[in-house]
Amino acid sequence: MPKINLPPLEPGRLPPGFWLNLPSLPDEFYKPIGLVVAFWGSLEKDIDDFHLRILQNGLHDRRDRRSLLSGGFEQKFKALRKKVLQHFPVDASSELKSILDEIDKIKTQRDIIVHGHFQIRTISNDKFLIFAMGYRRHEAVEIEITADGLSQLYHELAILRGKLHGVCDPQMVPSNLSVATRLWVQNFLGGPMIETIPL
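Everything numeric here is computed off the predicted structure, so don't read it as measured data. (Residues numbered from 1 in each chain as written. Predicted model: local features only at pLDDT ≥ 70, side-chain atom pairs only at ≥ 80, totals over all residues. Heavy atoms only, no water.)

(A) Representation of the side chain of Arg110 within the structure. Checked against the element boundaries, Arg110 lands in helix 4 (residues 90–115). In this structure Arg110 touches Val36, Trp40, His115 and Leu153, once residues within four positions along its chain are discounted. (Helix = DSSP H or I, 4+ residues; strand = E, 2+ residues; numbered from the N terminus. Contact = heavy atoms within 4.5 Å.)

Rendered as structure tokens:
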């Protein structure tokens, strides 16, 4: 990968107040924040691939193609949930709905951490709390974060990826599905991925 040389941030060249609202988090926060971002990116790619498989199998309409081509995550996620409930066997759709519900629940926390801002509140000379703050569906949301909590979050994302693969790829992770359902899902999702979307 080519190295990109970026000019250093020189204090004299930055706009006034540039550093004013950038709280310096303790070092142990940065790695788990990065891992939350990385694991979410992988999970989102898995969801896009799953959606593409559904489109490849003819379970699509014009709106579905549009949502996958240009829609945001919320739009793709909603379309995927609808298709799973409509077309998958009951036990597979039930398990997938449970996984998608968990993803939706964890997304709020992830969004606030990744797209929000941080605030450090001093409790006493040697104690402080750190909050991630942002908005979810036009409502202000504030969550207290810790390095351990962030580590737990990226572990939960990794587990959700495993669960999703367990339904989509029976060779990867054991699942609660019946053999017949697992074979149906494997057959439905079988074959090599293609790079183009059926139009």
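(B) Structural context of the pattern of salt bridges. Summed over all chains, the structure comprises 14 salt bridges. Among the ionic pairs, Asp101 bridges to Lys97, the shortest N-O distance being 2.9 Å. Taken as a pair, Asp101 and Lys97 lie in helix 4 at a separation of four residues, close to a single helical turn. One salt bridge in this structure joins Asp111 and Arg136, with 3.9 Å as the shortest N-O distance. Linking Asp111 in helix 4 with Arg136 in strand 2 (residues 127–136), this pair joins segments that are 25 residues apart in sequence. One exposure class covers both Asp111 and Arg136, and it is buried. (Salt bridge = Lys/Arg side-chain N within 4 Å of Asp/Glu carboxyl O. Buried < 20%, exposed > 50% of the residue type's maximum accessible area, 1.4 Å probe, protein only.)

(C) Geometry of the environment of Thr146. Position of Thr146 among the secondary structure elements: in the loop between strand 3 (139–145) and helix 5 (147–168). Spatially, the C-alpha atoms of Thr146 and Glu28 are 9.2 Å apart, while their sequence positions differ by 118 residues.

(D) Structural detail: the sheet that holds strand 3. In space, the three strands of this open sheet follow the order 1-2-3, with antiparallel pairing throughout. Edge positions in the sheet fall to strand 1 (117–124) and strand 3, since each has one partner strand and no second. If you compare each strand with its neighbour and ignore which way they point, the axes differ by 30° on average. Note: strand 2 against strand 3, seven bridges, orientation antiparallel. Pairing of Met133 across the sheet is with Glu142, part of strand 3. The strands touched by helix 4 within the sheet are strand 1, strand 2 and strand 3, with strand 2 carrying the most contacts at an inclination of about 110°. (Pairing = 2+ DSSP bridges. Axes fitted to C-alpha atoms, helices over the stretch in contact; angles between N-to-C directions.)

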